[in-house]
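# Fold and geometry: a report
One letter stands for each residue in the lines below.
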Amino acid sequence: MSIKQISVFLENKPGRLQKMTGVLAAHEIDMRALSLAETKDFGIARIIVDDPFYATNILKDNDFIASMTDVLAVAIPDEPGGLDKLLQIFAAEEVNIEYMYAFLGAKDAYMIFRVSHTHSAETKLTNKGLRVLSDEDIAEI
Amino acid sequence: MERYYQPDIECASREQMIALQNEKLVKQVQHVWDNVPYYRKKMEEKGVTPDDIKSIDDLYKLPFLSKADLREAYPYGLVGVPLKDCVRIQSTSGTTGKRVVSFYTQHDIDLWEECCARAIVAAGGTNEDVCQVSYGYGLFTGGPGLNGGSHKVGCLTVPTSSGNTDRQIMFIMDLQATILCCTPSYAAYLGERMKEMGYGPEDIPLKAGIFGAEAWSEEMRHDIEKTLGIKAYDIYGLTELSGPGVAFECSAQKGMHINEDHFIAEIIDPETLEVLPEGSQGELVFTSLDKEAFPLLRYRTRDICRLTREKCSCGRTHVRMAKPMGRSDDMLIIRGVNVFPSQIETVLINQGYAANYMIVVDRVNNTDTLDVQVEMTPELFTDNVGEISERQKSLEEALKSMLGIKAKVSLVAPKTITRSEGKAVRVIDKRKI
């Protein structure tokens with residue numbers, strides 16, 4: 001199962017990111033992971049939250065441009081070589097990664113991948129025995 | 001000692017000038033009435049006939065002409081002579097329906113060039129001078145006008161046109177040019193480049209510059225004068241009326257003398273349209289006095305300025321206009337090019353952006369900058385930074401091809417551009433004019 005990531009348009013100016021986190025905080029949305037892609041004058045905040053549908057609506061209500069994107073979340077053991085083993089599978093299965101970022105759980109590390117063809121990639125990875133997390137899994141972390 | 005191109009006219013007494021204007025005005029009104037149905041209709045609507053115009057005191061009875069009229073009558077609606085008698089057109093830089101095309105008979109060109117010749121002589125030019133004309137040649141009036149004026153004065157004319165800065169400098173140095181004609185921002189750029197190349201003011205042969213076609217500040221004048229080691233003179237004009245040379249600065253550098261034997265100037269309140277007394281600030285209105293092909297009566301320039309009849313130390317008697325403070329409509333002059341917010345709006349909408357935008361004009365290192373801030377929309381947003389950047393770049397390209405000058409696009413968050421309940425404020429002009 002792929003999960004929903006929220007992508008938020010932000011101007012590259014002091015205080016803009018905080019405005020977003022302020023809205024999320026006010027509505028008690030729990031962020032699991034955050035990554036920023038930026039250019040000189042704008043950026044995109046990519047966030048993983050406990051309730052993506054609710055959070056997206058809240059952001060839109062507060063005049064943010066926010067959209068949901070399907071990404072793959074994979075749990076890997078938090079130990080040396082953990083990511084490498086995973087990426088070997090990506091390489092072997094020719095899964096192209098557009099971008100990725102990571103966050104740490106209590107015992108595992110979680111990798112978030114945006115890939116070119118989410119569904120076929122998901123099938124290839126699960127066929128190799130990898131467990132791809134669902135939105136429910138994320139909510140429980 | 002002050003020199004004049006046509007001393008009898010430039011230093012005529014007020015009485016002589018009024019007599020001349022009265023005589024010319026009566027003829028010009030009759031010419032328009034007889035040959036320009038568009039304006040005749042306006043006069044008829046106002047109940048005015050040529051018989052009502054006996055002197056310049058009757059000028060107020062005539063209807064106004066605006067840029068909107070010029071657009072409505074485009075292209076031939078205001079031409080006052082058969083096309084076989086016209087020998088040339090010139091045009092403003094407008095790239096939409098806003099373009100203004102002006103027509104000339106040979107007589108009109110001669111008078112226009114005479115006006116430019118007066119400006120060159122007022123800047124100290126003689127037939128001993130080498131006059132480099134670095135205004136654009138072509139549809140733009142800058143190059144052709146000063147080129148003609150330079151010929152009339154008898155200067156050795158160097159028609160470099162604009163651009164190719166290093167070649168400009170080569171000609172200035174090799175030919176020992178003494179007078180430079182171009183936009184003030186280009187003069188500043190030439191100065192900067194020459195400084196980089198190691199030329200100090202004492203190495204540069206130039207002694208005077210005639211700079212116009214865009215608004216510029218006193219600070220900029222001083223900068224240019226210092227860098228190039230020259231005296232910098234302002235020149236004013238509009239394509240509609242002929243081009244540069246409608247007014248020009250003299251050695252006193254305290255306002256520009258309007259060539260009153262060819263143009264009557266009035267200052268009006270742009271709201272009430274009433275004529276304001278001398279010294280008031282308001283919109284400048286011109287009436288041409290001896291144009292054949294494109295006569296304009298009471299043409300509203302949208303330029304806001306003041307007029308003064310105080311005696312000028314140069315000896316010229318023609319009324320002086322202060323540098324225009326700004327335009328009463330929304331046209332911007334950026335790097336000498338006319339830019340209308342509506343053109344920018346058209347491009348934005350064509351590219352799928354909302355009409356929420358702000359135009360920020362500034363001057364960095366003596367060059368005008370144009371920044372268009374536009375709000376991001378949910379429709380245009382994607383999770384892909386590269387895709388958004390591409391779209392931003394293609395918008396910049398579309399703006400450049402529409403406006404003819406480079407514009408920077410900044411994408412801003414929704415609802416960050418102030419909404420207005422009345423007439424929207426679309427422009428922030430940070431240039432210190």
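This write-up is about the structure you can find in this document. Just so we're clear, the structure is a prediction, and the values are computed from it rather than from any experiment.

## Describing the pairing of strand β5 (residues 179–182) of chain B
Residue and element names in this part refer to chain B. A two-sided burial pattern is seen for β5, the buried positions comprising I179 and C181 on one face and L180 and C182 on the other. In the sheet, strand β3 (residues 130–133) pairs with β5 via 3 bridges, with the strands oriented parallel. Bridge pairing in β5 places Q132 opposite L180. Pairing geometry for β5 and strand β6 (residues 208–212), over 4 bridges, is parallel. Along β6, the bridge assignment pairs C181 with I210. The parallel pair β5 and β6, bridged by helix α8 (residues 184–196), forms a crossover whose chirality is right-handed.

## Things to note about the side chain of R320 of chain B
Residues and elements named next belong to chain B. Structurally, R320 is set in strand β14 (residues 320–321). Buried R320, no salt bridge; nearest opposite-charge side chain is E310, N-O distance 5.0 Å. Of note is the side chain of R320, whose polar atom sits 2.9 Å from the backbone oxygen of K254. Excluding residues that lie within four positions of it along the chain, R320 makes contacts with K254, G255, M256, H257, R306, L307, T308, E310, K311 and C312.

## Some points on helix α4 (residues 118–127) of chain A
All names here are of chain A. For α4, the set of buried residues is T118, A121, E122 and L125. Here the buried residues of α4 occupy an arc of 100° about the axis, which is enough to place them on one side. Exposed residues lying more than 90 degrees from the buried face of α4 are H119 and N127. In the stretch just after α4, G129 is the one whose phi turns positive, near 85°.

## A closer look at the state of the cysteines
Residue and element names in this part refer to chain B. One pass over the structure, following the stated rule, counts 0 disulfides over all chains. Here C155 stays unpaired: no disulfide links it, and the sulfur of C131, its closest cysteine neighbor, is 5.0 Å away. The thiol of C312 is not disulfide-bonded; the next cysteine sulfur, from C314, is found 3.6 Å away. Accessibility expressed as a relative area gives 5% for C312, which makes it buried.

## Re unusual backbone geometry
Residue and element names in this part refer to chain B. Here the bond from Y74 into P75 is cis, since omega is -5°, no more than 30 degrees from zero. The topology assignment puts P75 in the loop between α4 (67–72) and β1 (88–91). Residues other than glycine seldom take positive phi values, yet S242 does so here, at roughly 150°. In this structure, S242 sits in the loop between β7 (231–238) and β8 (243–249). Overall, the relative accessible area of 6% leaves S242 in the buried class.

## Observations regarding the sheet that holds strand β4 (residues 156–158) of chain B
All names here are of chain B. Within the open sheet, the 9 strands sit side by side as β4-β3-β5-β6-β7-β8-β9-β14-β13. Their pairing is mixed. Each having just a single partner strand, β4 and β13 (307–308) make up the two edges of the open sheet. Note: β7 against β8, 4 bridges, orientation antiparallel. Within β8, the position partnered with G237 by the bridge is P244. Contacting β5, β6, β7 and β8, helix α5 (residues 106–122) runs over the sheet at an angle of about 30° to β8.

## Considering helix α9 (residues 218–228) of chain B
Residues and elements named next belong to chain B. Of the positions making up α9, those classed as buried are M220, R221, I224, E225 and L228. Summarising the axial view, the buried residues of α9 lie within an arc of 135°, below the 170-degree limit, and thus occupy one face. Tucked into the core, α9 has its buried residues touching β5, α8, β6, β7, β8 and β18 (357–364). Of the residues trailing α9, G229 is marked for its positive phi of about 65°.

## A closer look at the environment of L70 of chain B
Residues and elements named next belong to chain B. Note on placement: L70 falls in helix α4. C-alpha of L70 to C-alpha of Y299: the two residues are 229 residues apart in sequence and 9.7 Å apart in space. Setting aside residues up to four positions removed in sequence, L70 forms contacts with L78, V100, E240, F294, L296 and Y299.

## So, the sheet that holds strand β19 (residues 367–375) of chain B
All names here are of chain B. Ordered in space as β20-β19-β18-β21, the 4 strands form an open sheet in which the pairing is mixed. The strands lining the two open edges of the sheet, one partner per strand, are β20 (408–412) and β21 (427–429). Taken over all neighbouring pairs, the strand axes of this sheet differ in orientation by 20° on average, direction set aside. Across the sheet, helix α11 (residues 385–403) touches β19 and β20, and the angle it forms with β20 is around 135°.

## Examining the environment of K254 of chain B
All names here are of chain B. If you trace the backbone, K254 turns up in the loop between β8 and β9 (256–258). The class of K254 is exposed, set by a relative accessible area of 61%. K254 sits 66 residues away from R320 along the chain, and the two C-alpha atoms are 8.1 Å apart.

## A short note on the interface of chain B and chain A
Taken together, the contacts link 20 residues of chain B with 19 residues of chain A. Summing the contributions of chain B and of chain A, the shared interface buries around 1,500 Å²; its carbon and sulfur component is 63%. It is F381, D383 and V385 of chain B that lose the most area in chain B upon contact with chain A, and together they represent 46% of the buried surface on that side. Summed over the shared surface of chain B and chain A, the result is 3 salt bridges. With its nearest N and O atoms 2.9 Å apart, the salt bridge here joins R46 of chain A to D383 of chain B. Connecting chain B to chain A are 7 residue pairs in polar contact (both at pLDDT 80 or more). At the level of elements, α11 and β20 of chain B are the ones that each hand at least two residues to the side of chain B that touches chain A. In terms of residue count, β20 of chain B provides more of the side of chain B that touches chain A than any other element does, 5 residues in total. Its residues assigned to classes, the side of chain B that touches chain A shows 10 nonpolar, 7 polar and 3 charged.

Reading the values: rules and limits
Residues numbered from 1 in each chain as written. Chains lettered and ligands numbered in written order. Predicted model: local features only at pLDDT ≥ 70, side-chain atom pairs only at ≥ 80, totals over all residues. Heavy atoms only, no water. Buried < 20%, exposed > 50% of the residue type's maximum accessible area, 1.4 Å probe, protein only. Helix = DSSP H or I, 4+ residues; strand = E, 2+ residues; numbered from the N terminus. Pairing = 2+ DSSP bridges. Right-handed = clockwise from strand over helix to strand, strands pointing away. Lys, Arg positive; Asp, Glu negative; His and termini not counted. Salt bridge = Lys/Arg side-chain N within 4 Å of Asp/Glu carboxyl O. Polar contact = N/O pair within 3.5 Å; in protein donor to acceptor, adjacent residues only side chain to side chain. Contact = heavy atoms within 4.5 Å. Arc of directions from axis to C-beta. Disulfide = S-S within 2.5 Å. Axes fitted to C-alpha atoms, helices over the stretch in contact; angles between N-to-C directions. Buried area = accessible area lost by both parts, 1.4 Å probe. Nonpolar A, V, L, I, M, F, W, Y, C, P; charged D, E, K, R; others polar.

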